[in-house]
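The chain contents come next:
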Amino acid sequence: MTASTRRTVLSLYMRVFRLARSWQAQSAVISDTESERKYIRQEACTLFRQNQQLTDEESIKRCIEECEARIEIGLHYRNPYPRAMHLPPLGLATQKGRKLRAQQRLRKQAKPIYLQSHDDT
């Protein structure tokens, strides 16, 4: 990891924690605000630790783009949770065999950048 990449990652990490500290839930209920702040902190810790061992510049760049996208979407919609992704037609069919592989490929292609770290969705 280059020095500039490291600086970018650390600044994103600090930005997420500053965002969590100043976050206000859209409902203005204190318990909602606290739970959303806790979610932001836990999600940041989990994802940054998960990607800590990355050395490939391209994968690091994708993670940085994902983090920036999630920050911007969270600020825009005032919702820290990932937005639902739109599945392609027939994306939820449960057929076996070749069609299932094709549907999995369609799901993977339809996954937006802000959900790349969530492989189970």
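Higher on the page you've got the structure.
Residues numbered from 1 in each chain as written. Predicted model: local features only at pLDDT ≥ 70, side-chain atom pairs only at ≥ 80, totals over all residues. Heavy atoms only, no water.

What follows deals with unusual backbone geometry. Positive phi outside glycine occurs at Ala 28, with the angle close to 65°. Within the fold, Ala 28 resides in the loop between α1 (3–22) and α2 (30–50). The backbone phi angle of Arg 78 is positive, close to 55°, even though this residue is not glycine. Overall, Arg 78 belongs to the partly exposed group, its relative accessible area being 30%. (Helix = DSSP H or I, 4+ residues; strand = E, 2+ residues; numbered from the N terminus. Buried < 20%, exposed > 50% of the residue type's maximum accessible area, 1.4 Å probe, protein only.)

Let us now look at the layout of surface pockets. Taken as a whole, the largest pocket holds about 740 Å³ of empty space. Around the largest pocket sit 34 residues that line it, and Val 16, Ala 44, Leu 47, Phe 48 and Cys 67 are the ones nearest its centre. For the lining of the largest pocket, the elements supplying multiple residues, two or more each, are α1, α2 and α3 (57–77). Tallying contributions element by element places α3 first for the lining of the largest pocket, with nine residues. Grouping the constituent residues of the lining of the largest pocket by class yields 24 nonpolar, five polar and five charged. (1 Å grid on protein atoms, 1.4 Å probe; cavity = no way out; pocket = protein on both sides within 12 Å on 5 of 7 lines; lining within 4 Å. Points joined across faces, edges and corners; volume = space filled by probe spheres on them. Nonpolar A, V, L, I, M, F, W, Y, C, P; charged D, E, K, R; others polar.)

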